[in-house]
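Geometric and topological summary
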Amino acid sequence: ETGVTQTPRHLVMGMTNKKSLKCEQHLGHNAMYWYKQSAKKPLELMFVYNFKEQTENNSVPSRFSPECPNSSHLFLHLHTLQPEDSALYLCASSHLAGAAGELFFGEGSRLTVL
Amino acid sequence: GENVEQHPSTLSVQEGDSAVIKCTYSDSASNYFPWYKQELGKGPQLIIDIRSNVGEKKDQRIAVTLNKTAKHFSLHITETQPEDSAVYFCAASRTLNSGGSNYKLTFGKGTLLTVNP
């Protein structure tokens, strides 16, 4: 496996469900990110983890709960979501947060909240 | 915070023509300006970037120009091909050594480029 892998690729959930998105990177990077991509909007940074420590929470509602057990894995736990949370959720990694450099994105998890 | 405006939102060109996408930014301390390409069903991928100590950078058919005084930067694609069809995003950020408290890349809304055969 190479690069950044996200699972599941597609997820449909009700507003009362609890689900999780998973991201795994095989690049030896130290920083991992969650972005939200909605139609006709800029990519929105949600969370940043650097060496497993959360360094950025971009005013994200508490119904989104990130977890970073190690530098290679990142989760986004979802509970009691709203229909407006339907979007493509992108995971990315980079060598180091804070140093300008390439972000490597996964292919995203398409979330639909009914 | 930083604000990045990107134009146009859609661009259609004939194969072989050039395409230009323009972005403006608001934070004069921003010093890193990447461009990402997102193909259908895939995540964005970096295609070129430029730092504030450089005015222009070229990589084969792709070039980026930066005007720090005017706070705008542009992506130029020459001799476009159908495989260039995608959504292109510009972005801007400070880095830690330019006064930023953390790495925070601000993206534009994207430009859907269609190259017609």
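One structure accompanies this document, and this report is about it. Each chain has its residues counted from 1, following the order in which its sequence is written. Whichever chain is written first is A, and whichever ligand is written first is 1; the rest continue in order. Where local features are concerned, this predicted model is filtered to residues with pLDDT of at least 70; where side-chain atom pairs are given and counted, the filter is 80 or more; whole-chain, interface and lining totals use all residues. Side-chain metrics in this entry use all non-hydrogen atoms of the structure; hydrogen atoms and water are not considered.

Okay, the sheet that holds strand 8 (residues 72-77) of chain B next. Residue and element names in this part refer to chain B. In short, DSSP must find at least two bridges between two strands for them to pair. A helix here means a DSSP run of H or I that spans at least four residues, while a strand means a run of E at least two residues long, and both kinds are numbered starting from the N terminus. Pairing within the open sheet is antiparallel, and its 5 strands lie in the order 1-3-8-7-6. Here the strands that pair on one side only, and so sit at the sheet edges, are strand 1 (4-7) and strand 6 (56-59). Averaged over all pairs of adjacent strands, the angle between their axes in this sheet comes to 15°, without regard to strand direction. Here an angle of 0 to 180 degrees is reported between the N-to-C directions of two axes, which are lines fitted to C-alpha atoms, with helices fitted over the stretch in contact.

Attention now goes to the sheet that holds strand 7 (residues 64-70) of chain A. Hydrogen bonds between backbone groups are what pair the strands of a sheet, and the pairing can be parallel or antiparallel. All names here are of chain A. Sheet architecture is open: 4 strands sit in the order 1-3-8-7, paired in antiparallel fashion. Two strands bound the open sheet, and with one partner strand each, they are strand 1 (4-7) and strand 7. The sheet shows a mean angle of 15° between the axes of neighbouring strands, taken without regard to direction. With 5 bridges connecting them, strand 7 and strand 8 (residues 73-79) associate as antiparallel partners. Looking at the pairing, F64 lines up with L78 of strand 8.

It is worth spelling out the side chain of A:K36 at this point. Residue and element names in this part refer to chain A. Within the secondary structure, K36 sits in strand 4 (residues 31-37). To sort residues, take the accessible area from a 1.4 Å probe on protein chains only and compare it with the maximum for the residue type: under 20% means buried, over 50% means exposed, and anything in between is partly exposed. Counted as positive: Lys and Arg. Counted as negative: Asp and Glu. His and the chain ends are not counted at all. Only one rule defines a salt bridge in this text: a Lys or Arg side-chain nitrogen within 4 Å of an Asp or Glu carboxyl oxygen. Of the side chains with opposite charge, D85 lies nearest to the buried K36, which makes no salt bridge, at 4.3 Å. Distance and chemistry together define a polar contact, namely a pair of N or O atoms within 3.5 Å, with one atom able to donate a hydrogen and the other to accept it when in protein, and with adjacent residues in sequence counting only for side-chain atoms on both sides. Here the side chain of K36 touches E84 through a polar contact of 3.4 Å, landing on its backbone oxygen. If we ignore the near neighbours within four places in the chain, the residues touching K36 are P42, L43, E44, M46, E84, D85, A87, L88 and Y89. Pairs of residues are marked as contacts when any of their non-hydrogen atoms sit within 4.5 Å.

On to the interface of chain A and chain B. Taken together, the contact between chain A and chain B spans 24 residues of the former and 19 residues of the latter. Taken together, both faces of the contact between chain A and chain B bury some 1,800 Å²; the carbon and sulfur share is 56%. Here chain A and chain B share 0 salt bridges between them. The interface formed by chain A and chain B includes 3 residue pairs in polar contact (both at pLDDT 80 or more). Elements with a minimum of two residues in the side of chain A that touches chain B: strand 4, strand 6 (53-57) and strand 9 (87-94) of chain A. By residue number, the principal contributor to the side of chain A that touches chain B is strand 4 of chain A, which donates 3 residues. Summed over both partners, the accessible area lost on bringing two parts together, with a 1.4 Å probe, is the buried area.

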